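Below, each chain spelled out in residue letters.
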Amino acid sequence: MSSGEGNIFRRAWNGFVDFFDERFDMRRVLREFADHEVPAHVNWLYCFGGITLLCLIVQVLTGILLAFYYEPTIDTAYDSILNIMDNVPFGVFLRSLHAWTANIMILMVILHMLRVFFHAAYRPPRELNWMTGVILFFITITFGFSGYLLPMNQLSFWATKVGSEIALEMPLIGTQIHAFLLGGEKISDATLTRFYAIHVVILPVTITILLGLHFLMVRKQGIADPL
Amino acid sequence: MSADKNTAEKLQEDPRAVPFFPDHFLKEVAVMALVLGIVTFLATLMPMPVGEPADPLATPAGIKPEWYFLTVFQILKYVPKALGIIWTFLIFPPFMMLFPLFYNSVICKWRYGRLTLHTIGALGIITAIFFTMLAYLGFE
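Note that the structure is predicted; figures quoted are calculated from it, not measured.

### Digging into the overall build of chain B
Thinking step 1. For chain B, the helix and strand inventory stands at five helices and one strand.
Thinking step 2. Along the chain direction, N to C, the helices and strands of chain B fall in the order α-β-α-α-α-α.
Thinking step 3. Compactness check: chain B gives a C-alpha radius of gyration of 23 Å against a globular reference of 14 Å for 140 residues, more than 25% above the reference.
Thinking step 4. The principal-axis extent of the C-alpha atoms belonging to chain B is close to 70 × 45 × 20 Å.
Thinking step 5. Counting all 140 residues of chain B, 24% fall into the buried class.
Thinking step 6. Roughly 9,400 Å² of accessible area belongs to chain B as shown, and the carbon and sulfur atoms make up 74% of that amount.
Thinking step 7. Between the averaged position of the 10 positive side-chain charges in chain B and that of its 10 negative side-chain charges there is a distance of 12 Å.

Structure (structure tokens):
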């Protein structure tokens, strides 16, 4: 409440914070975040989850910028990538950053999981957080698979063809899963639209919700003690 | 069960506990800066090639999925397809999900449970790296 102390910048800042503090109890929320303690055994190995979050943020930012220029149809997808690479300012950098960070993100998820596995941090009361983590792992992998098709080059086309044909081997419902994945018998406009919707709408929404739960549970239960 | 929680009250009694801010936060920021540096370095000096446009009529030689699928891709070459598919998509994911319950009811009650678990984990990593290498080198 006291915005009378200090120089003009300090007073302006205090007034700004007071505004939100009076309405949303901001100081208590920020204090709660900043003042909580972590156990002494927490070391560099505990950073993989945080790096994964950083990668996700990079992916969202570069992904939005790429979505401005990418066109998800069979006829235009490849050319729109060429356009990004040749004409869009920083296009080469944005697309390369998106592709490289995708790989690093999956690597970090794997390292994060291995850290949790070998510390047995999934034991009670943290079973549910492990389960959300497993789902998040599969979501990340699906991000990779769906994003790989989008440039419509030889590599992405044939990797998707081979990958989706694996579904055909599933007993009883193989053909149905294959058709559901591709939106038909073979890779077409329907496939590309489908993969694009999965990549930029379904998965981002799902991962955001589950990550929220993941972080809430960590905050609520604290970091596990080693055995 | 609640004894396992590292709640604020419990940590306040521990003189070795460190504040999240700035101690641990700084560690995270340092590592994040390093990772941002690495991806920027890679994206700048090794930009992603656009590749040839997709041609459904011309199968390129040696098609491989992304590196994180290589283990499964390679193992599916050696086991009966249906069996491999059922294991990979129907048995393994639920088992992974429910693993903490299995740990809690069986593994942690057995004297050598953790040792066995860590051995299986380590063998799993070695197997994954081995099959990834095989796939990378293009073994049939």
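### Quick notes on the domain arrangement of chain A
Thinking step 1. Taken domain by domain, chain A comprises domain 1 (1-36) and domain 2 (41-221).
Thinking step 2. Relative to domain 2 of chain A, the C-alpha centre of domain 1 of chain A lies at a distance of 39 Å.

### Section: the interface of chain B and chain A
Thinking step 1. With 69 residues of chain B in contact, the opposing surface of chain A contributes 73 residues.
Thinking step 2. For the pair chain B and chain A, the summed buried area comes to about 6,600 Å², and 74% of that belongs to carbon and sulfur atoms.
Thinking step 3. If you sort the residues of chain B by the area they bury against chain A, B:Met48, B:Val50 and B:Met97 come out on top, with a joint share of 10%.
Thinking step 4. Our enumeration of links across chain B and chain A arrives at zero salt bridges.
Thinking step 5. Seen at the junction of chain B and chain A, the total is 19 residue pairs in polar contact (both at pLDDT 80 or more).
Thinking step 6. Those elements giving two or more residues to the side of chain B that touches chain A turn out to be helix H1 (8-12), strand E1 (18-19), helix H2 (20-45), helix H3 (70-78), helix H4 (81-105) and helix H5 (113-137) of chain B.
Thinking step 7. Counting residues per element, the side of chain B that touches chain A draws most heavily on H4(B), at 15 residues.
Thinking step 8. Here the side of chain B that touches chain A is built from residues that sort into 46 nonpolar, 11 polar and 12 charged.
Thinking step 9. With two bridges joining them, strand E1 (residues 37-38) of chain A and E1(B) adopt antiparallel strand pairing. Paired with A:Val38 across the strands is B:Val18, a residue of E1(B).

### What about a nonpolar patch on the surface?
Residue and element names in this part refer to chain B.
Thinking step 1. On the surface, Ile 75, Tyr 78, Val 79, Ile 129, Met 133, Tyr 136, Leu 137 and Phe 139 cluster together into a nonpolar patch covering about 790 Å² of accessible area.
Thinking step 2. Every element with two or more residues in the nonpolar patch is listed here: H3 and H5.
Thinking step 3. In this fold, Ile 75 is placed in helix H3.
Thinking step 4. The class of Ile 75 is partly exposed, set by a relative accessible area of 30%.

### A word on a negative patch on the surface
Thinking step 1. Side chains of A:Glu71, A:Asp75, A:Asp79 and A:Asp189 sit close together on the surface and give a patch of like negative charge.
Thinking step 2. Its place among the elements puts A:Glu71 in the loop between helix H3 (48-69) and helix H4 (77-86).

### Observations regarding the domain arrangement of chain B
Thinking step 1. Split into domains, chain B comes out as domain 1 (17-51) and domain 2 (67-137).
Thinking step 2. Using C-alpha coordinates to define each centre, domain 1 of chain B is positioned 30 Å away from domain 2 of chain B.

What counts, and where the lines are drawn
- Residues numbered from 1 in each chain as written.
- Chains lettered and ligands numbered in written order.
- Predicted model: local features only at pLDDT ≥ 70, side-chain atom pairs only at ≥ 80, totals over all residues.
- Heavy atoms only, no water.
- Helix = DSSP H or I, 4+ residues; strand = E, 2+ residues; numbered from the N terminus.
- Rg over C-alpha atoms; globule rule 2.2 N^0.38 Å.
- Buried < 20%, exposed > 50% of the residue type's maximum accessible area, 1.4 Å probe, protein only.
- Areas by Shrake-Rupley, 256 points an atom, 1.4 Å probe, with all protein chains shown as cover.
- Lys, Arg positive; Asp, Glu negative; His and termini not counted.
- Charge placed at Lys NZ, Arg CZ, Asp CG, Glu CD.
- Domains from an automatic or database assignment.
- Contact = heavy atoms within 4.5 Å.
- Buried area = accessible area lost by both parts, 1.4 Å probe.
- Salt bridge = Lys/Arg side-chain N within 4 Å of Asp/Glu carboxyl O.
- Polar contact = N/O pair within 3.5 Å; in protein donor to acceptor, adjacent residues only side chain to side chain.
- Nonpolar A, V, L, I, M, F, W, Y, C, P; charged D, E, K, R; others polar.
- Pairing = 2+ DSSP bridges.
- Patch = residues over 30% accessible without salt bridge, like charges linked within 9 Å, V, L, I, M, F, W, Y side chains within 5 Å.

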